[in-house]
Amino acid sequence: FAVSMDAVVPGGAGGVAVPTTQGRTAARGDPRLPSSAPAGDNTAFSTAPADVTEVERAPVLLHQPSAAETRALYPEDPRREGIEADVGLELLVSDGGEVTRVRVVRGAGRGFDEVAQQLGRRMRFEPARRGGRPVAVWIPWTWKFRLDG
């Protein structure tokens, strides 16, 4: 962002300075990019995952583990005791649609957290898009462990 006194609008007591830039710069696009970056440059996006609120299209689920897979991994002690649980996760969906990281944000303990992470890594998505390009993004997810299904 630059202000040039050459861009003073005449009138009033001295005029008003307005922002100016030379050439195509990120000042006309994403403010997180350096001013020397060309407009539309996506280099900052490839290294830092976006938040799901920052994309124009969120990831679309293509595949998740089946109910049979979830039942097979259900922690044994909670199963015997009739315990169900919800595990809150954050999934890092890559620009290729794979889940590359899984963080537990609201754990249930008793083996549920580890199983939820394992199941989360098996999910596949159509990637999120920003500026028409696929980008990595963190998304919230809740894995619900139920004994009846």
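This one's a predicted model, so the numbers in the text were calculated from it and none came from an experiment.

## Observations concerning unusual backbone geometry
No. 1: A positive phi is found at R110, a non-glycine position, where the angle reads about 55 degrees.
No. 2: You can see R110 is positioned in the loop between β4 (99–106) and α4 (112–121).

## With respect to the confidence of the model for the protein
No. 1: A residue-level look at the protein finds 68% of positions with pLDDT of 70 or above and a mean pLDDT of 80.
No. 2: In this model residues 16–28 is a low-confidence stretch, pLDDT under 50, and it forms 30 contacts with partners more than four residues away in sequence or in other chains.

## Concerning the nonpolar core
No. 1: L91, V99, F125, V137 and F145 are the most contacted members of the largest nonpolar core, which totals 22 residues.
No. 2: Counting residues per element, the ones that place at least two in this core are β3 (85–93), β4, α4 and β8 (137–145).
No. 3: Of all the elements, β3 adds the most residues to this core, at five residues.

## A look at the sheet that holds β4
No. 1: If you walk across this open sheet you meet the four strands as β1-β8-β3-β4, and the pairing is mixed. With partners counted over all chains shown, the strands left at the sheet margins are β1 (50–51) and β4, one partner each.
No. 2: Bridge count for β3 against β8 is nine bridges, and the pairing is antiparallel. For L91, the partnering residue across the bridge sits in β8 and is I139.

## With respect to the environment of S94
No. 1: By the secondary structure assignment, S94 is in the loop between β3 and β4.
No. 2: A relative accessible area of 13% places S94 in the buried class.
No. 3: Taking the C-alpha atoms as reference, S94 lies 8.7 Å from W138; in sequence the two are 44 residues apart.
No. 4: S94 has contacts with T100, P127, V135 and A136, leaving out every residue within four places of it along the chain.

## Considerations on the environment of G120
No. 1: Residue position: G120 is located in helix α4.
No. 2: Residue class for G120 comes out buried when judged on its relative accessible area of 0%.

## Let's talk about the pairing of β3
No. 1: Where burial is concerned, most of β3 is hidden: seven out of the nine residues are buried.
No. 2: By the bridge criterion, six bridges tie β3 to β4 in an arrangement that is antiparallel. The partner of G88 across the bridge, within β4, is R106.
No. 3: Between the antiparallel neighbours β3 and β4 lie five residues, among them G97 with a positive phi of about 95 degrees.

## What about the environment of L73?
No. 1: Mapped onto the secondary structure, L73 falls in helix α2 (residues 67–73).
No. 2: C-alpha separation for the pair L73 and G111, spaced 38 residues apart in sequence, amounts to 9.6 Å.

## A few points about the packing of aromatic side chains
No. 1: Taken as a whole, this structure holds four aromatic pairs when the rule is applied.
No. 2: When the ring of Y74 is compared with that of F112, the centres are 5.5 Å apart and the planes differ by 85 degrees; the resulting orientation is edge-to-face. Here Y74, found in the loop between α2 and α3 (76–81), pairs with F112, found in helix α4; they are 38 residues apart in sequence, far enough to count as distant.
No. 3: The buried category is assigned to F112, whose relative accessible area is 1%.
No. 4: Judged by centre distance (5.0 Å) and plane angle (50 degrees), the ring pair of F112 and F145 falls under tilted. Taken together, the positions of F112 in helix α4 and F145 in strand β8 put the pair 33 residues apart, joining distant regions of the chain.

About the criteria used
- Residues numbered from 1 in each chain as written.
- Predicted model: local features only at pLDDT ≥ 70, side-chain atom pairs only at ≥ 80, totals over all residues.
- Heavy atoms only, no water.
- Helix = DSSP H or I, 4+ residues; strand = E, 2+ residues; numbered from the N terminus.
- pLDDT = per-residue confidence, 0-100.
- Contact = heavy atoms within 4.5 Å.
- Core = buried A, V, L, I, M, F, W, Y, C linked by side-chain atoms within 4.5 Å.
- Buried < 20%, exposed > 50% of the residue type's maximum accessible area, 1.4 Å probe, protein only.
- Pairing = 2+ DSSP bridges.
- Phe/Tyr/Trp six-rings, centres within 6.5 Å; stacked < 30°, edge-to-face > 60°.

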